[in-house]
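Architecture and fold: a report
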Amino acid sequence: AGPGLAAGESREHDGHAPVLKLDAAGHKWQTDAPLREGMQQIRASVERELPAVHAGTLAPAASEELGGAVETQVAYIVANCKLTPQADEVLHGIIAELGEAADLLAGKTAVTDRSAGAARLVSALDNYGRYFDHPGWTPIERDH
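Analysis parameters
Residues numbered from 1 in each chain as written. Predicted model: local features only at pLDDT ≥ 70, side-chain atom pairs only at ≥ 80, totals over all residues. Heavy atoms only, no water. Helix = DSSP H or I, 4+ residues; strand = E, 2+ residues; numbered from the N terminus. Contact = heavy atoms within 4.5 Å. Areas by Shrake-Rupley, 256 points an atom, 1.4 Å probe, with all protein chains shown as cover. Phe/Tyr/Trp six-rings, centres within 6.5 Å; stacked < 30°, edge-to-face > 60°. Buried < 20%, exposed > 50% of the residue type's maximum accessible area, 1.4 Å probe, protein only. Lys NZ or Arg CZ within 6 Å of the ring centre and 35° of its normal. Salt bridge = Lys/Arg side-chain N within 4 Å of Asp/Glu carboxyl O.

A closer look at the overall build of the chain
- Along the chain, the regular secondary structure elements total five helices and two strands.
- Along its sequence from the N terminus, the chain presents helices and strands in the succession α-β-α-α-α-α-β.
- Long-range pairs, those at least 24 residues apart, make up 76% of the contacts in the chain with a sequence separation of at least 6.
- In the form shown here, the chain has an accessible surface area of approximately 7500 Å², with 53% of it arising from carbon and sulfur atoms.

What follows is the structure, encoded as structure tokens:
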């Protein structure tokens, strides 16, 4: 996700997200420590707020804080993660989804219910686990 990620993000704005796929052998893409760390931090932030999301009580300030936490970790991943070009391309789709979710949560995208961003985060985290080899990663429990 190094320098290629930042350059590749501009290609995503044509309305077509990168294709999420496994490698040519049908295996998950390898990860590195910065990617695993950043994704683990995002997951922890999401899990902390899920009870309020499910109860419909996620306060705007908490929603903005969650969006900011995701943006911080995405920036960390982009700055520090070094993947193969093929894995990096697939990661673009996950990063794009995380960014859209963070924008919803932070109120940067007009929506009636910011908690929709939390659902997008869970989806992005599920996709990450589906396509990237992160030892010990499990899907987030859903209450609904």
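Back to the text.
Overview of the packing of aromatic side chains
- Taken as a whole and assessed by the stated rule, the structure comprises two aromatic pairs.
- Taken together, a centroid distance of 5.7 Å and an interplanar angle of 20 degrees make the contact between Tyr128 and Phe132 stacked. Exposure class is identical for Tyr128 and Phe132. Each is buried.
- Between Tyr128 and Trp137 the ring centres are 4.9 Å apart and the planes differ by 85 degrees, which places this aromatic pair in the edge-to-face class. Take Tyr128 and Trp137: they sit in the same class, and that class is buried.
- Within the aromatic cluster, the residues linked to one another by ring pairs are Tyr128, Phe132 and Trp137.
- When the ring centre of Trp137 is taken as reference, the NZ or CZ atom of Arg43 above it lies at 4.9 Å.

Quick word on the side chain of Gln73
- Looking at the secondary structure, you find Gln73 in helix α3 (residues 60–80).
- Judged by its relative accessible area of 16%, Gln73 falls in the buried class.
- Setting aside residues no more than four positions away along its own chain, Gln73 makes contact with Glu37, Gly38, Gln41 and Ile42.

Some words on the pattern of salt bridges
- Tallying each qualifying case throughout the model produces four salt bridges.
- As a salt-bridge pair, Arg43 and Glu47 come within 3.3 Å of each other at their nearest N and O atoms. On the criterion of helical spacing, the pair formed by Arg43 and Glu47 is a turn pair, its members being four residues apart in helix α2 (residues 33–55).
- Here Lys108 makes a salt bridge to Glu71, at a shortest N to O gap of 2.8 Å. Note that Lys108 is positioned in the loop between α4 (85–106) and α5 (116–131) and Glu71 in helix α3, a separation of 37 residues in sequence.
- On the accessibility criterion, Lys108 (55% relative accessible area) is exposed.
- A residue is classified by how much of its surface remains accessible, and Glu71, at 30% relative accessible area, is partly exposed.

Read these as geometric descriptors, not functional statements.
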